[in-house]
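The chain contents come next:
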Amino acid sequence: MSTILVTGGTGTLGRPVCERLRTDGHEVRVLSRHSPPYAVDLREGGPLLDRAVDGVDAVVHCSNILRGDREAARLLVEASRRAGVPHLLYISIVGVDRVPLGYYRTKYAVERMIQQSGVPWTLLRATQFHDLILQLLQGLAKPPVMLLPKEVRDQPLEVTEAAARLAELAAGPPAGRVEDMGGPEIRTFDELARAYLRASGRGRRLVEVPLPGRVYRALRRGGHLAPDRAVGRVTFEEFLARRFAA
């Protein structure tokens, strides 16, 4: 089959992408800071990055670097161009062009960098994963009162479903920007918080708080949602049931 490099291959998304690619019979190279033989910090690049991309049929860019994401993408694009990589696949976030959050703006800049790179590319945008929503709710539940953003909804997606879609795209030809991928349901943060509290057996008082600023207004308008692309199947409650049963 194909030889496919996955950046961030030990992360929340990268790991199931690698597992799915291997199940489908592909040879997988895992690139992350602490995963030999391709232990590379993408923000620094270097000869080992050139070795990692040499001879691959596709690169799936799953690395999620909070600081230095743009530089990491630049170095990956340059290495891919030098090696003549025939397919660079990037996963981004629904709403990066509509929600003026700094992290989203960086993702949008990386999208444009890849589109203008000269390397044949595929771009998939997805809504937030269940894991991130859970992490956020766990943080909000530390005090006795959970403060939730008022009138904000989300559309959480199961990460293994996104991984399966990425593996499918990586095995095919470059496709440009493909259709967005959203979770099966759009839920208020109040509903998500109550589901989390039930699953975890915790008791908290919930208080919805209006927030100032352009980011909050964009979230209230649903700029990060994909209601017409609710293609995921696993609900947040099903995700929580599995997580807390384990």
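Describing helix α6 (residues 159-170)
1) Next: Here α6 spans 16 Å end to end across 12 residues, near enough to the 16 Å set by a 1.5 Å rise per residue.
2) Next: Every buried residue of α6 is listed here: V159, E161, A162, A163, L166, A167, L169 and A170.
3) Next: In this structure, the buried residues of α6 make contact with β1 (3-7), α1 (14-23), β3 (58-61), β4 (88-93), β5 (121-126) and α5 (130-140).

Examining the environment of Y196
1) Next: Tracing the chain through its elements places Y196 in helix α7 (residues 189-200).
2) Next: Distance in space between the C-alpha atoms of Y196 and Q138 is 8.4 Å, their sequence separation being 58 residues.
3) Next: The residues contacting Y196, other than those within four sequence positions of it, are L134, L137, Q138, A141, R202, L240 and F244.

Concerning the environment of L134
1) Next: Among the secondary structure elements, L134 is positioned in helix α5.
2) Next: Accessibility expressed as a relative area gives 3% for L134, which makes it buried.
3) Next: The contact partners of L134, leaving out residues within four places of it in the chain, are Y196, F236, F239, L240, R243 and F244.

Thoughts on the pairing of β1
1) Next: Most of β1 is tucked away, with five of its five residues classed as buried.
2) Next: On β1, burial covers both faces: T3, L5 and T7 on one face and I4 and V6 on the other are all buried.
3) Next: Across five bridges, β1 lies against strand β2 (residues 27-31) in parallel orientation. What sits directly across from T3, in β2, is E27.
4) Next: Following the chain from β1 across α1 to the adjacent parallel β2, one finds a crossover that is right-handed.

As for the nonpolar core
1) Next: Core analysis: the largest hydrophobic core is formed by 26 residues, its most contacted members being V6, L13, V17, L21, V60, F129 and L166.
2) Next: Elements with a minimum of two residues in this core: β1, α1, β2, β3, β4, β5 and α6.
3) Next: If you tally residues by element for this core, the top one is α6, at seven residues.
4) Next: Each residue touching L21, except ones within four places of it in the same chain, is listed here: I4, V6, H26, V28, A167 and A170.
5) Next: L49, V53, A72 and V85 belong to the second-largest nonpolar core, a separate cluster that totals 24 residues.

With respect to the packing of α1 against α6
1) Next: Between α1 and α6, the least distance of the axes is 8 Å, while the angle of their chain directions is 50°. Relative to α6, α1 is oriented oblique. When the axes of α1 and α6 are compared, the crossing they make is right-handed. Contacts from P16, V17, R20 and L21 in α1 reach V159, T160, A163, A164, L166, A167 and A170 in α6.
2) Next: Class assignment of the residues belonging to the contact of α1 with α6 gives a composition of nine nonpolar, one polar and one charged.

Section: the pattern of salt bridges
1) Next: Per the stated rule, a full pass over the model turns up 18 salt bridges.
2) Next: The partner of D24 in a salt bridge is R20, and the shortest N-O contact between them spans 3.5 Å.
3) Next: For D24, a relative accessible area of 34% puts it in the partly exposed group.
4) Next: Where K107 meets D69, a salt bridge forms, and the shortest distance between an N and an O atom there is 3.6 Å. Here D69 lies in helix α3 (residues 69-83) and K107 lies in helix α4 (residues 102-115), a separation of 38 residues in the sequence.
5) Next: Within this structure, E185, R187, E191 and E237 form a network of salt bridges that share partners.

Notes on the packing of α3 against α4
1) Next: Relative orientation of the contacting elements α3 and α4 amounts to 15°, with a least axis distance of 9 Å. One way to sum up the angle between α3 and α4 is to call them roughly parallel. As α3 packs across α4, the resulting crossing turns out to be right-handed. Mapping the contact onto sequence places D69, R70, A73, R74 and V77 in α3 and R105, T106, K107, A109, V110, M113 and I114 in α4.

The rules we used
- Residues numbered from 1 in each chain as written.
- Predicted model: local features only at pLDDT ≥ 70, side-chain atom pairs only at ≥ 80, totals over all residues.
- Heavy atoms only, no water.
- Helix = DSSP H or I, 4+ residues; strand = E, 2+ residues; numbered from the N terminus.
- Expected span 1.5 Å × (residues − 1).
- Buried < 20%, exposed > 50% of the residue type's maximum accessible area, 1.4 Å probe, protein only.
- Contact = heavy atoms within 4.5 Å.
- Pairing = 2+ DSSP bridges.
- Right-handed = clockwise from strand over helix to strand, strands pointing away.
- Core = buried A, V, L, I, M, F, W, Y, C linked by side-chain atoms within 4.5 Å.
- Axes fitted to C-alpha atoms, helices over the stretch in contact; angles between N-to-C directions.
- Parallel < 35°, antiparallel > 145°, perpendicular 65-115°, else oblique.
- Left-handed = near helix turned anticlockwise from the far one by under 90°.
- Nonpolar A, V, L, I, M, F, W, Y, C, P; charged D, E, K, R; others polar.
- Salt bridge = Lys/Arg side-chain N within 4 Å of Asp/Glu carboxyl O.

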